[in-house]
Structure formats: C-alpha cells, structure tokens
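# Observations on chain architecture
Listed below are the residues making up each chain.
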Amino acid sequence: MDNKKIASERKRTFLLMTVPILLLFICFNTVPLIKGVIYSFTNFKGYGTYDWVGFRNYIDLFQDGRVGKSYLFTFKLALLTTIVVNIISLLLALGLNSKIKFKSTLRGLYFIPNILGALVVGYIFNYFFTYILPAVIQMLGGNGTSMLASTRWAWVAIMIVCAWQSIAMNTIIYISGLQTVPEDVYEAGSIDGAYGWIQFKSLTFPLILPFFSINMVLCMKNFLMVFDQIMALTKGGPAQTTESISFLIYNNGMSGGQFGFQSANAVVFFIMIVVISVAQMTITGKKEEQL
C-alpha cells in the first residue's frame, strides 16, 4: 500500500513538473505556429482586417525574385559557414584534447565568444570592419573601403562573425566526443602502425561521428536562421545582397505590410529546415550504422 502511494505521488509530481512546461510550449510555440499558418492564407498586413486569398501567397512566393535571392544567399552562407566552423572546431578540439599546458585555460578563452550576445558581437565587428580594417589596409597602401559596403565581400564579413561565435560551442562538443575515445583504441592502432592522419581517419573520426552529426545539424539549422549578425552588420545591404530569409521575413512582415505573404514564406522556410535536418540525420545515421 505504501509503495503504491509513493508511486502515485511520484506520478503526480512528474505531472506537476511537465504539464506547466507543456502549456507554456503550446502557448508560446504551437499556437503562434498555427496562427502563422492561418495568416499565410490571408492578405493580413499586421493590422486591421484581412481577407482569405487561398494559395496566392505561396504562388507569389515562388515568383518573387527578392525571395529567391534571399534563399540563395542564405543557403550559400549556411553551407560554407558550416564547413568552415566544423573544420576549425575539429582542429581546435584535437589540439585542446592533447597533452598541452594550460589547455583548461585555453578552453575557457575559446568559449568566451559563445557567452557574448550575437548582436553585441555583431556591433563590435561592425566597428572593426567599418573603421579599423580599412585604416589598416590604407596604411598598407590599399583602397581601404569597408567590407560591409562591398556587394562582393559583405557576405564574407557575415560568415566570419557567424563562424567566430559558433566555433566555441562546436569545439566543446568535439572535445566531449574525443574524451569518449578509449586510450586502448589508440594503443591497439599504434601496434598496427596507425599514426597521424591514418589514426584520425580510421580510429578517431569514426568514433566521434555521432558528435560530428550533431554539430552539422545544429550548425546548418542555426546558420539558415541567421538574423542577429545581419541586423548588426549590414541590415540586408548593400543592395539587398546579404538579405537572409529570416531578416526578410522580419523586415517586410513586421514593417513592410506583408505579414500574410511573409507568413507563407516562414511556413515554407520552416518545412525546408525540417526536411534538411531530417535528411542530415538520416544520412549520418546510416554512416554510423555502417561503421
């Protein structure tokens, strides 16, 4: 009887812990999502009355050149930044996981960028790209114009800022993965002559593949949703060359009178992110099973 009473009290406690969180999730996530889907079938401007327009927003979405341009930019930025971040993070993790002095201090230093807010980092780099870097280039005899004012190089500045802040967390995840690799594996591999690149390719990387999968999925998702860095650095300029999907949805949806249209854009973007994430997890999951 006592055991049943204890079990009943535990279930009640767990319900009291989970139900409020579930209600908050529904209130601040599910309900806005459903309302956004509903608004995507209207000509709602963000205020006043609206009419149902059916799938017209979705049809116009695929015919809008500005939307297509923002998708191309966002996917280019996300793909290249994901590659750069994971390469640098993995190299840093390998170095910080080795037997070097002050590695705990170095881990703390490398993690500092992740603590700072994205907008704060963006505004700091904005000053650097606008004033400091051009002055240095002029001292060296160059033109000395800001990268943020160049239609050719502004996206590179955004990629640098995104990578600089994201490398910290990815490095920590890779270090966690490297610490799960038993020393016995390396000892056995050294007997067979596995050193350097061969050791990494044949032993280390296959064993940390789940951590690689996590980093790839998180990076791609986060960079596809890039917003703060663009808000702080370029605000979509110059000439709308760095206008990400998230920034376009916010800018035109909230202040441009296109709430319904951009709601349709948000729905399509949400579906694309889900599809890409599932595809990444499926592909990497199959590779993990093969290993």
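Residues numbered from 1 in each chain as written. Predicted model: local features only at pLDDT ≥ 70, side-chain atom pairs only at ≥ 80, totals over all residues. Heavy atoms only, no water.

### Here's the deal with the packing of helix H8 (residues 196-207) against helix H9 (residues 209-224)
Where H8 meets H9, the closest approach of the two axes is 4 Å, and the angle between their N-to-C directions is 60 degrees. Viewed along their axes, H8 and H9 adopt a mutual orientation that is oblique. Contacts between H8 and H9 pair Phe 205, Pro 206 and Leu 207 from the former with Leu 209, Pro 210 and Phe 212 from the latter. Its residues assigned to classes, the contact of H8 with H9 comprises six nonpolar, no polar and no charged. (Axes fitted to C-alpha atoms, helices over the stretch in contact; angles between N-to-C directions. Helix = DSSP H or I, 4+ residues; strand = E, 2+ residues; numbered from the N terminus. Parallel < 35°, antiparallel > 145°, perpendicular 65-115°, else oblique. Contact = heavy atoms within 4.5 Å. Nonpolar A, V, L, I, M, F, W, Y, C, P; charged D, E, K, R; others polar.)

### Considerations on a nonpolar patch on the surface
Together, Leu 33, Val 37, Phe 270, Ile 271, Val 274, Val 275 and Val 278 make up an exposed nonpolar region whose accessible area comes to about 570 Å². For the nonpolar patch, the secondary structure elements donating two or more residues are helix H1 (2-39) and helix H12 (259-290). Broken down by element, the nonpolar patch gets its largest block of residues, five residues, from H12. Within the secondary structure layout, Val 275 lies in helix H12. (Patch = residues over 30% accessible without salt bridge, like charges linked within 9 Å, V, L, I, M, F, W, Y side chains within 5 Å. Areas by Shrake-Rupley, 256 points an atom, 1.4 Å probe, with all protein chains shown as cover. Salt bridge = Lys/Arg side-chain N within 4 Å of Asp/Glu carboxyl O.)

### Looking at the packing of helix H7 (residues 183-191) against H8
At a closest axis distance of 11 Å, the pairing of H7 and H8 adopts a crossing angle of 160 degrees. Classified by the angle between their axes, H7 and H8 sit roughly antiparallel to one another. Here the hand of the crossing between H7 and H8 comes out right-handed. Mapping the contact onto sequence places Val 185, Tyr 186 and Gly 189 in H7 and Gln 199, Leu 203, Thr 204 and Leu 207 in H8. (Left-handed = near helix turned anticlockwise from the far one by under 90°.)

### Quick look at the layout of surface pockets
For the largest pocket, the calculated volume is near 760 Å³. In terms of lining residues, the largest pocket is bounded by 23 residues, among which Leu 33, Ile 249, Ala 266, Val 267 and Phe 270 are the most central. Of all the secondary structure elements, the ones that give two or more residues to the lining of the largest pocket are H1, helix H11 (245-254) and H12. Each residue belonging to the lining of the largest pocket can be placed in one class, and the counts come to 16 nonpolar, six polar and one charged. If you add up the space inside the second largest pocket, you get close to 380 Å³. Looking at the second largest pocket, it is lined by 13 residues, and the ones nearest its centre are Asn 97, Ser 98, Lys 99, Glu 183 and Tyr 186. Breaking the lining of the second largest pocket down by element, the ones donating at least two residues are H7 and H8. (1 Å grid on protein atoms, 1.4 Å probe; cavity = no way out; pocket = protein on both sides within 12 Å on 5 of 7 lines; lining within 4 Å. Points joined across faces, edges and corners; volume = space filled by probe spheres on them.)

### Regarding the side chain of Ser 246
As for its position among the elements, Ser 246 is in helix H11. When sequence neighbours within four positions are dropped, the list of residues in contact with Ser 246 reads Leu 224, Met 225, Val 226, Phe 227 and Phe 269.

### Observations concerning the environment of Tyr 186
Residue position: Tyr 186 is located in helix H7. The buried category is assigned to Tyr 186, whose relative accessible area is 19%. In this structure, the C-alpha to C-alpha distance between Tyr 186 and Thr 204, residues 18 residues apart in sequence, is 8.6 Å. (Buried < 20%, exposed > 50% of the residue type's maximum accessible area, 1.4 Å probe, protein only.)

### Some details on the pattern of salt bridges
Once their charged atoms are close, side chains differing in charge can pair, the charge on each being opposite to the other. Applying the stated criterion across every chain yields a total of one salt bridge. The residue Glu 243 makes a salt bridge to Arg 66 at a minimum N-O spacing of 2.6 Å. A residue pair is termed long-range when its members are at least 10 positions apart, and Glu 243 in the loop between helix H10 (228-233) and H11 and Arg 66 in helix H3 (residues 65-96) qualify at 177 residues. Judged by its relative accessible area of 4%, Glu 243 is buried.

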